[in-house]
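# Examination of the molecular architecture
Spelled out from the first residue to the last, the chains are:
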Amino acid sequence: MENKRTVVKVGTSTLTYENGKINYRRIESLCKVMSDLQNRGEQIMLVSSGAIGVGMGKTGLQSRPSETKKKQALAAIGQCELMFMYDKLFGEYNHSVAQILLTRYAVETDQKRQNVINTIDELLKMNIIPVINENDTVAIDELEGNNFGDNDMLSAIVAGLVGADRLIILTDIDGLYDSNPRTNPNAVKIEVVDKINQEILSMAAGTGSNRGTGGMITKLQAADYATKRGVEVHVINGSNPENLYEIFDGNNIGTTFLARQ
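Description of the structure in this document. Keep in mind the model is a prediction, meaning the values are calculated, not measured. In this numbering scheme, every chain counts its residues from 1 along its sequence in written order. In keeping with the model being predicted, local features are shown solely for residues with a pLDDT of at least 70 and side-chain atom pairs are shown and tallied solely at 80 or more, while totals for entire chains, interfaces and linings include all residues. Side-chain metrics rest on all non-hydrogen atoms present in the structure, leaving aside hydrogens and water.

What follows deals with the packing of aromatic side chains. The geometry of an aromatic ring pair comes down to the distance between the two centres and the angle between the two planes. In summary, the pairing rule links any two rings of Phe, Tyr or Trp, Trp by its six-membered ring, whose centres are within 6.5 Å, and it sorts them by plane angle into stacked for under 30 degrees, edge-to-face for over 60 and tilted for everything else. Enumeration over the complete set of coordinates arrives at 1 aromatic pair. Considering the side-chain rings of Y86 and F90, the 6.2 Å spacing of their centres and the 35° angle between planes classify their relative orientation as tilted. Of this pair, Y86 and F90 both sit in helix α4 (residues 68-92), 4 residues apart, which is roughly one turn of that helix. Of the two residues, Y86 and F90, neither departs from the other in class, the shared state being buried. Criterion for a charge above a ring: Lys NZ or Arg CZ within 6 Å of the ring centre, and within 35 degrees of the ring normal. A cation over an aromatic ring shows up here: R166 above the ring of F248, its NZ or CZ 4.2 Å from the ring centre. Against the face of Y225 rests R229, its NZ or CZ located 3.5 Å from the ring centre. Only DSSP runs of H or I covering at least 4 residues are called helices, and only runs of E covering at least 2 are called strands; the numbering of each starts at the N terminus. Burial classification: accessible surface area is computed with a 1.4 Å probe over protein chains only, and a residue below 20% of its type maximum counts as buried, one above 50% as exposed, and the rest as partly exposed.

Helix axes are fitted to C-alpha atoms over the stretch in contact, other axes to C-alpha atoms as well, and angles between N-to-C directions run from 0 to 180 degrees. One can describe the packing of helix α3 (residues 51-59) onto α4 by two numbers: an axis separation of 7 Å at closest approach and a directional angle of 90°. Compared by their axis directions, α3 and α4 come out roughly perpendicular. When α3 is examined against α4, the residues A51, I52, V54, G55, M56, K58 and T59 are found in contact with a partner set consisting of K71, L74, A75, I77, G78, Q79, E81 and L82. Ten residues, namely Ala, Val, Leu, Ile, Met, Phe, Trp, Tyr, Cys and Pro, are considered nonpolar, four, namely Asp, Glu, Lys and Arg, are considered charged, and the remaining ones, Gly among them, are considered polar. Class assignment for the residues of the contact of α3 with α4 results in 8 nonpolar, 4 polar and 3 charged. Roughly parallel means an angle under 35 degrees; roughly antiparallel means over 145; roughly perpendicular covers 65 to 115; every other angle is labelled oblique. The contact definition used throughout considers only heavy atoms, calling two residues in contact when any of these lie within 4.5 Å.

All right, on to the pattern of salt bridges then. Where charged atoms of side chains with opposite charge meet at close range, the side chains can pair. Salt-bridge detection follows one rule: a side-chain nitrogen of Lys or Arg within 4 Å of a carboxyl oxygen of Asp or Glu. Applying the stated criterion across every chain yields a total of 14 salt bridges. The salt bridge partner of D224 is R260, with a shortest N-O separation of 3.6 Å. Taken together, the residues span a long stretch of sequence, with D224 in helix α8 (residues 216-227) and R260 in the segment after β8 (255-257) at a distance of 36 residues. Using a relative accessible area of 19% as the deciding quantity, one classes D224 as buried. Given the relative accessible area of 26%, R260 is considered partly exposed. Among the ionic contacts, a cluster of salt bridges with common partners joins K9, D152 and K219.

Moving on: α4. Taking 1.5 Å per residue as the helical rise, α4 with its 25 residues ought to reach 36 Å, and the 35 Å between its terminal C-alpha atoms agrees with that figure. In the segment just after α4, N94 is the residue with positive phi, at about 60°. A helix's residues, less one, multiplied by 1.5 Å, set its expected span.

Moving on, we get to the environment of S49. Structurally, the position occupied by S49 is in the loop between β2 (43-48) and α3. At a separation of 3.1 Å, a polar atom in the side chain of S49 contacts the side chain of N151. For this analysis, a polar contact is any N or O atom pair within 3.5 Å, provided that within protein one partner can donate a hydrogen and the other can accept it, and provided that sequence-adjacent residues contribute only side-chain to side-chain pairs.

None of the figures reported here should be taken as evidence of function without further support.
Structure representation (structure tokens):
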């Protein structure tokens, strides 16, 4: 089978515990699985949220601040820690990582887009795993709400830019349900979505956890963007990163959004 280009997006709720501190067990597992898939010949990119969550853990803050400048400071502290961690953990499996910090302005012109594509292409050729995040210290769009949406939209933009075959969004529920599974025990999971319409969008009420800014609605917006650009999107539970193998082995877990050609 031909190896594919895959963007894996991991959110704050997957990377940290409820108290905001880093979930090392899960991150270690994620790095191991991604290294293993890279060894298989897959081309993998990681879009990682979590800088603010990690910054909160490092500074001992219990709740996410509302002031933009405080969030920027936490992002700056957390981004260092996050990359240090990825560098160390991927390094244990003999893989190198590269950091790419993007703002929406980095993709607003053809020339800038091409620069991003060239960099990522070259890194993949060198067998290096790009770790991509929004540059929260410079671009405050996400922090103030006019955003890539906890990096969901950023991951879709990256997947479209680099011509990825698929985007896998790891989140804290098993996929898209017809109503909120946290409050409705009879909620039914939607296995496959071939087109994102108003009915599908209306299933995704409410935002995410207290550590992230996402929620199912930003994942649907990202899936809509990516599928229109020929990228298949999978939204799966990230609590066990080994679930990634299921997708790579062609099994349908979570919710699959089919690419629209």
